[in-house]
Amino acid sequence: MKISEILASSTKAYPSLEIVPPLRGMTKNELLESIAPFMEFSPKYINVTSHRDEFEFREEADGTFSRHLIRNRISETTVCTAIMSKYDVETVPHIICAGTTAEEIESKLDNLEFLGINNIVALRGDSMTGEKRFSPTPGGYRYASELVEGIRSYQGSATYRRNRNTVTDHYFCIGVGGYPEKHFEAANIETDINNLKRKVDAGADYIITQMFFDNKVYYDFVGKCREVGITVPIIPGLKPLSTFRQISTIPEAFSLDIPVDLTKEMTNAKDNKEALYRIGTEWCINQCKDLISHGVPAVHFYTMGKSQNITEILKNCF
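Note that this is a predicted model, so its numbers are computed, not measured.

Asker: Residues and numbers for the environment of Ala-269, please.
Answerer: Within the secondary structure, Ala-269 is located in the loop between helix 10 (260-268) and helix 11 (273-293). Looking at Ala-269, the relative accessible area reads 10%, which means it is buried. Sequence spacing of Ala-269 and Ile-279 is 10 residues, and the spatial spacing of their C-alpha atoms is 8.8 Å.

Asker: Quick rundown of empty space enclosed by the protein? Include the residues and the values.
Answerer: Taken as a whole and judged by the stated rule, the model has one cavity of 30 Å³ or more. Of the volumes computed, that of the largest cavity is approximately 50 Å³. As for the largest cavity, its lining consists of Tyr-179, Pro-180, Glu-181, Lys-182, Gln-210, Met-211, Phe-254, Ser-255 and Leu-256. Classifying every residue of the lining of the largest cavity gives five nonpolar, two polar and two charged.

Asker: Tell me what's going on with the sheet that holds strand 7 (residues 173-178), and back it up with residues and numbers.
Answerer: Pairing in this closed barrel of eight strands is parallel, and the strands run 1-2-5-6-7-8-9-10 around the ring. Here the strands of the sheet are splayed against their neighbours by 30° on average, with no regard to which way each runs. Pairing analysis gives four bridges linking strand 2 (residues 45-48) to strand 5 (residues 90-96), with the strands arranged parallel. Within strand 5, the residue paired with Tyr-45 across the bridge is Glu-90. Packing against the sheet, helix 11 makes contact with strand 9 (234-238) and strand 10 (298-302), and its axis sits at approximately 170° to strand 9.

Asker: So what's going on with the packing of helix 8 (residues 215-227) against helix 11? Which residues, and what values?
Answerer: The geometry of helix 8 relative to helix 11 is characterised by a closest axis approach of 10 Å and an angle of 30° between their N-to-C directions. The handedness of the crossing between helix 8 and helix 11 is right-handed. Each of Asn-215, Tyr-218 and Tyr-219 in helix 8 lies in contact with helix 11, whose residues at this interface are Gln-287, Asp-290 and Leu-291. Across the contact of helix 8 with helix 11, the residue classes tally to three nonpolar, two polar and one charged.

Asker: Describe the packing of helix 3 (residues 76-86) against helix 4 (residues 102-115), listing the residues and the values that go with them.
Answerer: Where helix 3 contacts helix 4, the two axes come as close as 11 Å, and the packing angle between them is 5°. Taken together, helix 3 and helix 4 sit at an angle that is classed as roughly parallel. Residue-level inspection shows Glu-76, Thr-77, Thr-81 and Met-84 of helix 3 in contact with helix 4, the latter providing Lys-108, Leu-112 and Leu-115. Its residues placed into classes, the contact of helix 3 with helix 4 shows three nonpolar, two polar and two charged.

Criteria and thresholds
- Residues numbered from 1 in each chain as written.
- Predicted model: local features only at pLDDT ≥ 70, side-chain atom pairs only at ≥ 80, totals over all residues.
- Heavy atoms only, no water.
- Helix = DSSP H or I, 4+ residues; strand = E, 2+ residues; numbered from the N terminus.
- Buried < 20%, exposed > 50% of the residue type's maximum accessible area, 1.4 Å probe, protein only.
- 1 Å grid on protein atoms, 1.4 Å probe; cavity = no way out; pocket = protein on both sides within 12 Å on 5 of 7 lines; lining within 4 Å.
- Points joined across faces, edges and corners; volume = space filled by probe spheres on them.
- Nonpolar A, V, L, I, M, F, W, Y, C, P; charged D, E, K, R; others polar.
- Pairing = 2+ DSSP bridges.
- Axes fitted to C-alpha atoms, helices over the stretch in contact; angles between N-to-C directions.
- Contact = heavy atoms within 4.5 Å.
- Left-handed = near helix turned anticlockwise from the far one by under 90°.
- Parallel < 35°, antiparallel > 145°, perpendicular 65-115°, else oblique.

Any functional reading would require information that these geometric values do not contain.
The structure is reproduced here in structure tokens:
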């Protein structure tokens, strides 16, 4: 079932989850056991992130250097297939521009259609390690809006084309990312929202936001999106803090703010692991309840491989 159909048919807010593909060495059963605690809450779908391949240069015996591909994680398509083999839940792989040509992406789309997966989150992806600015792969897409356009133009198999209802009935439902506190490369929030509108105009069906810790930031963001004519659903993304270190690492990694009150609470409890866990979890519970009371269509949780605090939040909110 397409996410757009789930959003249209849902009468109340529901939870969705995002997981990171495991590092090489984890077994399929270990992966499935790690997400088993979430299944009690019947999530509508599970997003699976994608990570670009990296390279390293190794010195050879003759003094020259050779480039070697590094793949540290299992592919998002493989993880989706494993989840679908065990659980009755939609899977949503991320597709990124970074490190991939347009032809390679089309091949991925063929594989996803073969597996019966018709939901995608389309993202630009990160720069390669050592790059200051993103550089597209030769023959690839520079912007997420171009990727959305490319996915939207995908025709699907001959069987699908014969059976679709209208010429505007596309195989894939496409989600994109939105940044309530703006993408770090954008000059200002207005420019960033205009870039987001390009993704929607290219064919995106809904938006999932980057994590945030102040709901006012989300409400202001939604208001600004509506002002420029973005009408698709905007799903808030949340992540609970659990360690003191995160109040510095998360802002650095994701270019976002952590509220003063939350920072003070975490700082006062910095030597108490249990207290830090409780502060972060309770803050996220309160965020989630407030969002639901304001009528959001869904709440998306960035699990980062952790289940205990997320399941506690789900028990309190859904």
